[in-house]
Amino acid sequence: MTAESSLHQLVANGVRDLRPYQPGKPVEELERELGISEIIKLASNENPRGASPRVENTLRDCANDLARYPDGSGFRLKTQLSAQLNVLPSQLTLGNGSNDVLDIITRCFVESRQGVVISEHAFAVYGLAAKSVDANLAIVPAIQFGHDLEAMREAINLDTRIVFIANPNNPTGTYVSQGKVEAFLSDLPDHVITVLDEAYFEYVRPFGVNDYPDGVALLTRFPNLIVTRTFSKAYGLAALRVGYAIATPEITEILNRVRPPFNVNSMGLAAAETALSDSDFISQCVTENAEQLFQLNQALVDLGLTTIPSVANFICVQVGSNASKIYELMLTEGVIVRPVGNYGLPEHLRITVGLPSENQKVIATLRKIISHLAEA
Ligand SMILES: *Cc1c(COP(=O)(O)O)cnc(C)c1O
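Residues numbered from 1 in each chain as written. Predicted model: local features only at pLDDT ≥ 70, side-chain atom pairs only at ≥ 80, totals over all residues. Heavy atoms only, no water.

## Re the sheet that holds strand S12 (residues 338–339)
Either a parallel or an antiparallel arrangement is found when strands of a sheet pair, and the pairing is made through backbone hydrogen bonds. The strand order across the open sheet built from four strands is S9-S10-S13-S12, with neighbouring strands paired in antiparallel fashion. The open sheet has two free edges, formed respectively by strand S9 (306–308) and S12, since each of these has just one partner strand. Across five bridges, strand S10 (residues 314–318) lies against strand S13 (residues 348–352) in antiparallel orientation. Looking across to S13, one finds that Val317 is bridged to Leu349. The strands that helix H14 (residues 323–332) touches are S12 and S13; relative to S13, the one it contacts most, it runs at about 35°. (Pairing = 2+ DSSP bridges. Helix = DSSP H or I, 4+ residues; strand = E, 2+ residues; numbered from the N terminus. Contact = heavy atoms within 4.5 Å. Axes fitted to C-alpha atoms, helices over the stretch in contact; angles between N-to-C directions.)

Next comes the structure, spelled out in structure tokens:
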């Protein structure tokens, strides 16, 4: 046996055939490759306006105290979140991004060969978390690119432990309504935990959507529900990695058995507290996002393209069978978007809503590339 194949045998079931998560291309990498500096990145659904300007001072203060471990209980952030969400601090689990929380949840509730149910086109981290514990993954066909909760209910069996629902979903931008979510949760057997991933929660309502459920408000009626949210998107703190779960105190106690002791660092905790207190900044960002998404969508439609209706800060557009070619050509023009072939969407690209100037550039670039390809 070669060294390589014996190492292969050592790898845990579930991890053996895993492929790493593919992040959006970093700006610095493209800068190095192209030798240019005016690159725009609309590939990872970050807030193009960054975080609240108050965060900078907070971080400067933190920089004086880097020798100390962070507060492992996240006392201040949890106190602030609990007041804002109207839940108890004992209902909150902090994570190194909500990714961390999704992973912790999976490790707490799913054993080898037990089941996890997700939707086709769902956020990739659910499948990675499930496979890493050697779970059986049931992928339920989407309906108009969104989650089909009735079909997901039917995919549940005696071995199912977790159903992941992204609301809205990344990369499609689709959401499931209050009525559908309540009907789904009302009809669940007791051995199933539902994870409602609300990473884009803040963005949805400004679209005028009024049947979008607030997962936190459902917790009192559905004790097997876990809601996850993050500071990485609207709050503009993706670099600092802060996310959290809201659940019953009983579930939260279980999650905290597995949570690494200092999984959120001091700068992340402090920045999240400051960002949370600047509600004016968030409302400006989400209002501008709604306007810009509307315009971006219109401009894509004007190019003759079909989009998936989105209530988040990104949009999936169908550009055709040469999507990866278009993606590569956009890179050479200094524009990074996200190919979504690995999400079962080989003809689409996902574009994050940027600043108005960035959105104009992405449209101009796409227009140029599409007309070139049409002539060729
Ligand atoms: C971006 C995203 C997350 C959050 O990731 P963090 O680890 O909090 O940065 C979670 N779920 C979905 C669907 C996302 O798109």
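This is not the end of the story, as more comes after the structure.
## Regarding the site of the ligand
Not every one of the 13 residues close to the ligand is listed here, only the nearest: Asp197, Tyr200, Thr230, Ser232 and Lys233. In the model, an oxygen atom of the ligand is placed 2.7 Å from a nitrogen or oxygen of the Ser98 main chain. Note that an oxygen atom of the ligand is positioned 2.6 Å from one of the side-chain N or O atoms of Tyr200. Considered on its own, the ligand offers 390 Å² of accessible surface; in the complex 94% of this is hidden by protein. Per-element tally for the shell around the ligand: the top contributor is helix H5 (residues 97–109), with three residues. (Near = heavy atom within 4 Å. Polar contact = N/O pair within 3.5 Å; in protein donor to acceptor, adjacent residues only side chain to side chain. Areas by Shrake-Rupley, 256 points an atom, 1.4 Å probe, with all protein chains shown as cover.)

## A short note on the domain arrangement of the protein chain
Looking at the assigned domains, one finds that the protein chain contains domain 1 (23–50 + 280–375) and domain 2 (53–277). Roughly 2100 Å² is buried in total at the junction of domain 1 and domain 2, and carbon and sulfur atoms are behind 71% of that figure. Among the residues domain 1 hides against domain 2, the three largest losses belong to Ile282, Val311 and Tyr343. Together they make up 32% of the total. Across the domain 1-domain 2 interface, the total number found is zero salt bridges. Put simply, domain 1 and domain 2 have six residue pairs in polar contact (both at pLDDT 80 or more) between them. Of all elements in the fold, only helix H13 (279–302), S10 and S13 reach the threshold of two or more residues within the side of domain 1 that touches domain 2. With six residues, H13 is the largest single contributor of residues to the side of domain 1 that touches domain 2. When the residues that make up the side of domain 1 that touches domain 2 are grouped by side-chain class, the tally is 14 nonpolar, nine polar and two charged. (Domains from an automatic or database assignment. Buried area = accessible area lost by both parts, 1.4 Å probe. Salt bridge = Lys/Arg side-chain N within 4 Å of Asp/Glu carboxyl O. Nonpolar A, V, L, I, M, F, W, Y, C, P; charged D, E, K, R; others polar.)

## Points about the packing of aromatic side chains
Per the counting criterion, the structure on display carries eight aromatic pairs. With centroids separated by 6.2 Å and ring planes inclined at 75°, the aromatic side chains of Tyr175 and Tyr212 adopt a geometry described as edge-to-face. Taken together, the residues span a long stretch of sequence, with Tyr175 in the loop between strand S5 (160–166) and helix H8 (178–186) and Tyr212 in the loop between helix H9 (201–204) and helix H10 (215–218) at a distance of 37 residues. The class of Tyr212 is buried, set by a relative accessible area of 1%. Ring centres of Tyr200 and Phe314 lie 5.0 Å apart, and the angle between their planes is 70°; on these two criteria the pair is classed as edge-to-face. Remark: Phe314 occurs in strand S10 and Tyr200 occurs in the loop between strand S6 (193–197) and H9; sequence separation between them is 114 residues. Taken individually, Tyr200 and Phe314 each receive the classification buried, so the pair is uniform in this respect. Three or more aromatic residues joined by ring pairs make a cluster, and in this case those are Phe123, Tyr126 and Phe164. In this structure, Arg229 packs its charged tip against the face of Phe201, placed 3.6 Å from the ring centre. (Phe/Tyr/Trp six-rings, centres within 6.5 Å; stacked < 30°, edge-to-face > 60°. Buried < 20%, exposed > 50% of the residue type's maximum accessible area, 1.4 Å probe, protein only. Lys NZ or Arg CZ within 6 Å of the ring centre and 35° of its normal.)

## Digging into the nonpolar core
One finds Leu77, Leu81, Phe184, Phe231, Leu237 and Ile246 to be the most contacted residues of the largest nonpolar core, which totals 51 residues. Ranked by residues supplied to this core, first place goes to helix H12 (residues 266–277) with five residues. Among the domains, domain 1 (23–50 + 280–375) and domain 2 (53–277) are the pair contributing at least three residues each to this core. In contact with Ile246, other than residues within four places in its own chain, are Leu85, Val87, Gln91, Leu92, Val216, Leu219, Leu225, Ile226, Val227 and Arg229. (Core = buried A, V, L, I, M, F, W, Y, C linked by side-chain atoms within 4.5 Å.)

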